[in-house]
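The lines below spell out each chain.
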Amino acid sequence: MTSIGIGEAPKRKEDVRFLTGKGRYVADIKLPNMAAAIFVRSPFAHALIKSVDTDAAKGAEGVVAVFTGAEMDADGVGGLPVGWGITGSDGEPMKEPRHPPLAVDKVRHVGDPVAVVIAETPEMARAAADLVAVDYEPLTPVVSMIEALKPSAPLVHEDVPENLCCDWSLGDAAAVDDARAKAAHIARIELVNNRLIGNPMESRAAIADYDRARDHYTLYTTSQFPHVVRFLMGGLVLNIPQHKLRIVAPDVGGGFGVKQFHYAEEAVLTWVAGKIRRPVKWVSDRSEGFISDRQGRDHVTEAELALDADGKFLGLWVRTLANMGGYLSTFGPNIPTNLYAPLLSGVYKMPAIYCEVKVVFTNTLPVDAYRGAGRPEATFVLERLVDVAAIETGIDKVEIRKRNMISADEYPYQTPVIVEYDSGDPMGCLEKAIEVADIAGFEARRHEAAQRGKYRGLGLATYVEACGLAPSRLAGQMGARGGLYESATVRVHPTGHVSVMIGTHNHGQGHETTFAQIVSDQLGVPFEDIDIVFGDTDRVQFGMGTYGSRSLVVGGAALAKAGDKVILKGRKIAAHLLEAGLDDIVFEKGDFKVAGTDRSKSFAEIAGAAYVPHNYPLEVLEPGLEEQAYYDPINFTYPGGAHFCEVEIDPDSGEIELKSYVAVDDVGTIINPMIVEGQLHGGIVQGIGQALFEHGVYDEESGQLISGSFMDYCMPRADQLPSLTISPHTTPCAHTPMGVKGCGECGTIGSPAAVINAVVDALKPLGITHVDMPATPNRLWNVIRNARPTSVAAE
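Residues numbered from 1 in each chain as written. Predicted model: local features only at pLDDT ≥ 70, side-chain atom pairs only at ≥ 80, totals over all residues. Heavy atoms only, no water.

1. Some thoughts on the overall build of the protein
The number of helices and strands found in the protein is 20 helices and 30 strands. Its C-alpha radius of gyration of 28 Å places the protein within 12% of the 28 Å reference for a compact globule of 795 residues. Principal-axis analysis of the C-alpha atoms gives the protein an extent of 90 × 75 × 50 Å. For the protein, contacts bridging at least 24 residues in sequence account for 80% of all contacts bridging at least 6. Of the roughly 28,600 Å² of accessible surface on the protein, 51% is carried by carbon and sulfur atoms. In the protein, which carries 72 positive and 103 negative side-chain charges, the distance between the mean positions of the two groups comes to 2 Å. (Helix = DSSP H or I, 4+ residues; strand = E, 2+ residues; numbered from the N terminus. Rg over C-alpha atoms; globule rule 2.2 N^0.38 Å. Contact = heavy atoms within 4.5 Å. Areas by Shrake-Rupley, 256 points an atom, 1.4 Å probe, with all protein chains shown as cover. Lys, Arg positive; Asp, Glu negative; His and termini not counted. Charge placed at Lys NZ, Arg CZ, Asp CG, Glu CD.)

In structure tokens form, the structure reads like this:
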């Protein structure tokens with residue numbers, strides 16, 4: 001057994017249990033005397049609830065109980081809270097209508113839960129759910145944001161005029177107006193960032209249990225942040241004291257943001273468990289997930305980029321409509337505002353920016369964070385607009401980016417929209433990507449494709465994103481209703497083995513491996529002797545969870561701080577045992593040594609002495625060797641990179657083939673190259689999915705989700721993808737303890753723009769300057785048919 005350090009690529013610790021079927025997911029958990037829950041959901045997008053008759057359901061075989069929203073209301077249950085508030089340009093806070101866990105008087109989207117049936121088995125509960133008679137008075141739904149903002153539109157919430165949650169802005173409008181007035185060129189674009197449905201491999205699930213003897217609740221749930229669920233649900237929804245509520249998020253099969261929020265089902269089941277005095281379990285199936293999971297993206301944007309005669313950027317103007325759906329989700333209003341507009345400068349020197357966002361309610365599923373959360377949307381606007389600017393000015397798309405790019409020696413770089421980038425080298429990323437992607441040979445490849453009757457295109461996107469959410473002070477100024485620090489405890493056992501309790505959560509990213517590498521590198525403990533504990537509020541100190549690529553950046557930093565405290569205490573113990581001054585004790589490769597001598601104590605010996613303090617400085621040190629640390633970052637981190645994509649399009653069918661994809665990303669210090677590459681692969685594929693395949697579509701008249709199954713919602717498959725080429729280009733973060741920046745969302749941020757830029761470049765001979773996502777064969781076939789007819793070879 002040996003220590004495994006930073007930069008190595010051991011096999012993932014957690015994969016042994018997953019590959020041998022030993023993973024423990026919520027659906028796997030069986031408690032004694034456990035009942036099953038099925039939710040009765042609205043078939044209407046917009047309707048009044050006139051009455052809910054549960055008598056027949058209560059008399060059905062195996063039924064334990066049936067509950068409605070009116071009963072929860074009468075019991076004083078609160079609405080689902082919003083964790084982030086925003087303030088409009090007029091200084092008024094956003095409109096924040098109540099979100100009951102079970103709808104009471106009105107339903108606001110298809111799938112809105114109205115009642116819950118508890119029975120001995122899921123089959124019995126499902127059969128009884130069909131007997132719940134809800135008398136609905138259908139209302140006209142509003143699905144389109146443009147329609148929702150019209151004075152005559154139906155109101156999703158009666159206390160929210162014109163369905164406008166907030167009219168938010170950031171930047172200097174006057175400076176941008178001045179830039180546009182002086183501009184030699186103005187590039188313009190209108191685009192849609194299509195709605196996405198996350199579809200993690202494991203569907204959502206929850207089990208709630210109530211211990212009457214201790215007056216204590218336990219909730220097992222598929223969550224990315226169990227402590228936050230406890231804080232929100234216990235403190236704001238159910239009024240359960242924090243010490244009387246345990247949240248456990250065991251193994252979780254993918255999240256992508258979908259499992260980041262506090263959901264109604266968690267609160268309902270916990271409340272129900274207290275009423276029926278027995279455990280109750282709910283597991284969503286895939287169809288239910290389509291109409292109950294939070295969804296992502298869904299923007300409509302118009303933007304203008306002002307340039308001088310030499311192609312230098314003068315100012316950027318952006319106006320976006322952002323869909324919130326029927327209710328505000330946990331972080332919903334923060335995504336299209338604070339996580340969007342501050343990243344619109346990208347990797348460029350942009351003298352002036354003004355962004356206006358109208359946050360809108362519609363009769364659709366609530367919208368919240370989806371992998372990247374605001375940053376992919378910002379990058380897509382900017383990078384599509386830069387390509388349009390290249391056409392407008394006649395400047396090559398690579399050259400126009402280089403003319404405006406922040407150089408490595410200009411960091412730290414203050415943007416005109418809040419954020420200051422601490423480090424980076426976008427030009428280095430771009431130059432490396434140009435080489436790896438063999439851009440010099442592209443025209444020959446385009447010509448060869450034309451001889452086969454295919455359009456070939458080359459797309460480029462550069463990006464920067466904000467990770468490591470977030471400095472609590474800055475987050476508070478931006479509307480956060482909680483801190484965004486992270487915590488870690490390093491417990492050294494008497495044998496020298498180590499347990500780490502960390503406040504983040506692992507749902508596929510390989511944290512058990514990465515965190516163990518940090519400890520192994522820092523303390524010299526064998527990799528196999530380190531255990532990572534997470535996801536249980538009774539075992540782990542308060543932590544903020546996993547999202548925004550923060551686990552390594554913030555959680556890993558807390559872990560490193562706790563490790564430093566362990567080393568310091570170990571040095572004090574060693575100084576006593578070795579009869580040396582503290583300043584003379586050094587710690588190297590798992591040994592405490594007296595500098596300049598051969599006298600030393602191993603890490604295990606020091607651990608043993610801490611727990612068997614026969615020869616121990618008890619007057620100045622407590623026994624034991626366990627340290628805890630909290631880390632609150634001073635800034636975001638800013639990964640970035642450059643992506644190139646090549647596509648071929650068949651003009652007769654509109655079918656598109658991805659020929660190559662190259663990503664050069666700067667994610668700071670790399671702890672485990674294999675895990676980083678895997679994260680980038682996954683992110684890129686999800687971005688490709690948005691660009692070419694995925695689209696959450698609602699019927700404009702009925703509000704029904706018409707892409708509500710995998711028959712209609714297309715996910716990318718392995719045979720539709722090229723081999724992805726990943727090449728790192730590292731500049732360490734200037735302020736995190738290990739120089740890390742985060743990598744979990746990078747691939748999703750660069751890829752949609754790179755792919756669509758490639759599609760548009762392929763169709764450039766037809767005079768096409770934009771194609772909205774997803775660029776499906778049907779959409780491309782229609783675009784090609786409506787363009788001027790000409791042969792590919794002639795182009």
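2. Some points on the sheet that holds strand 6 (residues 133–138)
Reading across the sheet, the three strands line up as 4-2-6 and stay open at both edges, with antiparallel pairing between neighbours. Each having just a single partner strand, strand 4 (106–107) and strand 6 make up the two edges of the open sheet. Strand direction decides the pairing type here: strand 2 (residues 47–53) and strand 4, joined by two bridges, are antiparallel. Bridging across to strand 4, Leu48 finds its partner in Lys106. (Pairing = 2+ DSSP bridges.)

3. A few points about the packing of helix 16 (residues 551–577) against helix 17 (residues 603–611)
The N-to-C vectors of helix 16 and helix 17 enclose an angle of 80 degrees; their axes lie 10 Å apart at closest approach. By the angle class used here, helix 16 and helix 17 are roughly perpendicular. Counting all contacts with helix 16, which are made through Val566, Gly570, Ile573, Ala574 and Leu577, the residues of helix 17 involved are Phe603, Ile606, Ala609 and Ala610. Residues that form the contact of helix 16 with helix 17 fall into these classes: eight nonpolar, one polar and no charged. (Axes fitted to C-alpha atoms, helices over the stretch in contact; angles between N-to-C directions. Parallel < 35°, antiparallel > 145°, perpendicular 65-115°, else oblique. Nonpolar A, V, L, I, M, F, W, Y, C, P; charged D, E, K, R; others polar.)

4. Overview of empty space enclosed by the protein
As enumerated under the stated definition, the model contains six cavities of 30 Å³ or more in all. One number sums up the size of the largest cavity: a volume of about 110 Å³. Considering the residues around the largest cavity, the lining is formed by 16 residues, among which His109, Pro113, Ala264, Ser292 and Arg294 are closest to the centre. Within the lining of the largest cavity, the residues separate by chemical class into eight nonpolar, four polar and four charged. A volume near 90 Å³ is recorded for the second largest cavity. Its residues placed into classes, the lining of the second largest cavity shows nine nonpolar, four polar and three charged. (1 Å grid on protein atoms, 1.4 Å probe; cavity = no way out; pocket = protein on both sides within 12 Å on 5 of 7 lines; lining within 4 Å. Points joined across faces, edges and corners; volume = space filled by probe spheres on them.)

5. Let's talk about the packing of aromatic side chains
Following the criterion strictly, the structure yields 19 aromatic pairs and no others. On the basis of an interplanar angle of 70 degrees and a centroid distance of 6.0 Å, the ring pair of Phe290 and Tyr713 is categorised as edge-to-face. Note that Phe290 is positioned in helix 9 (residues 286–290) and Tyr713 in the loop between helix 18 (673–692) and strand 30 (724–728), a separation of 423 residues in sequence. For the residue pair Phe290 and Tyr713, the accessibility class agrees, reading buried in each case. Among the aromatic side chains, those forming a connected cluster through ring pairs are Tyr413, Tyr421, Phe636 and Tyr638. Its end group placed over the ring of Phe527, Lys13 keeps NZ or CZ at 4.8 Å from the ring centre. The lysine or arginine in question, Arg550, covers the ring of Tyr547, its NZ or CZ lying 5.2 Å from the ring centre. (Phe/Tyr/Trp six-rings, centres within 6.5 Å; stacked < 30°, edge-to-face > 60°. Buried < 20%, exposed > 50% of the residue type's maximum accessible area, 1.4 Å probe, protein only. Lys NZ or Arg CZ within 6 Å of the ring centre and 35° of its normal.)

6. Here we look at the pattern of salt bridges
Under the defined criterion, the tally for this structure stands at 52 salt bridges. A salt bridge links Glu465 to Arg375; its shortest N-O distance comes to 3.3 Å. Pair noted here: Glu465 is in the loop between strand 20 (455–464) and helix 14 (472–477) and Arg375 is in helix 10 (residues 375–393), with a separation of 90 residues, a long-range link. For the pair formed by Glu465 and Arg375, the shared burial category is buried. Between Lys593 and Glu588 there is a salt bridge whose closest N-O contact spans 3.6 Å. Classification of Lys593 as partly exposed rests on a relative accessible area of 28%. In the salt-bridge network here, residues are joined through shared partners; they are Asp438, Arg445, Glu448, Arg452, Arg456, Glu646 and Glu648. (Salt bridge = Lys/Arg side-chain N within 4 Å of Asp/Glu carboxyl O.)

7. A short note on the sheet that holds strand 28 (residues 640–649)
Across the sheet, four strands lie side by side as 20-28-29-30; this open sheet has mixed pairing. The sheet is open, and its two edges are formed by strand 20 and strand 30, each paired on a single side. Sheet twist, expressed as the average angle between the axes of neighbouring strands with direction ignored, equals 10 degrees. Summarising the sheet, strand 20 and strand 28 pair through 10 bridges and their orientation is antiparallel. The partner of Gly457 across the bridge, within strand 28, is Val647. The sheet contacts of helix 12 (residues 426–436) involve strand 20, strand 28, strand 29 (656–666) and strand 30, and relative to strand 28 the element is tilted by about 30 degrees.

8. Here's the deal with the environment of Glu96
Relative to the helices and strands, Glu96 is located in the loop between helix 3 (69–74) and strand 4. Residues in contact with Glu96, not counting those within four places in the same chain, are Val82, Leu328 and Arg481.

9. A few points about the side chain of Thr221
Note that Thr221 resides in strand 11 (residues 216–221). According to the relative accessible area criterion, Thr221 is buried, its value standing at 2%. Reaching out from Thr221, the side chain makes a polar contact with the side chain of Glu266 at a distance of 2.6 Å. Excluding its chain neighbours within four sequence positions, the residues that come into contact with Thr221 are Val26, Ala205, Ala206, Ile247, Val248, Ala249, Pro250 and Glu266. (Polar contact = N/O pair within 3.5 Å; in protein donor to acceptor, adjacent residues only side chain to side chain.)

10. Comments concerning the nonpolar core
In terms of nonpolar packing, the biggest core is built from 171 residues, with Leu305, Phe644, Leu692, Val759 and Leu763 touching the most fellow members. Of the residues forming this core, the biggest block, 10 residues, is contributed by helix 19 (residues 746–762). Leaving out residues up to four positions away in the same chain, Leu763 has contacts with Tyr455, Ile649, Ile768, Val771, Leu780, Val783 and Ile784. Core analysis: the next-biggest nonpolar cluster, separate from the first, contains 48 residues, Leu559, Ile567, Phe587 and Val740 among them. (Core = buried A, V, L, I, M, F, W, Y, C linked by side-chain atoms within 4.5 Å.)

11. Some remarks on helix 11 (residues 397–404)
Quick reminder: α-helices carry 3.6 residues per turn. Residues three or four places apart thus point the same way. Burial in helix 11 covers these residues: Lys397, Val398, Ile400, Arg401 and Asn404. Seen along its axis, helix 11 keeps its buried residues to an arc of 165 degrees; they face one direction. Sitting at the amino-terminal end of helix 11 is Asp396, which places a side-chain oxygen 2.9 Å from the backbone nitrogen of Val398. (Arc of directions from axis to C-beta.)

12. Examining the side chain of Ser751
The topology assignment puts Ser751 in helix 19. In terms of polar contacts, Ser751 uses its side chain to reach the backbone carbonyl oxygen of Gly747, at 2.7 Å.

13. What about the packing of helix 15 (residues 511–523) against helix 16?
Here helix 15 crosses helix 16 at 30 degrees, and the two axes come no closer than 10 Å. Here helix 15 is positioned roughly parallel relative to helix 16, judged by the angle of their axes. The interaxial crossing formed by helix 15 with helix 16 has right-handed handedness. Within the contact between the two elements, helix 15 uses His511, Thr514, Phe515, Ile518, Val519, Gln522 and Leu523 and helix 16 uses Ser551, Leu552, Gly555, Gly556, Leu559, Ala560, Gly563, Asp564, Val566 and Ile567. Residue classes in the contact of helix 15 with helix 16 are distributed as nine nonpolar, seven polar and one charged. (Left-handed = near helix turned anticlockwise from the far one by under 90°.)

Any functional reading would require information that these geometric values do not contain.
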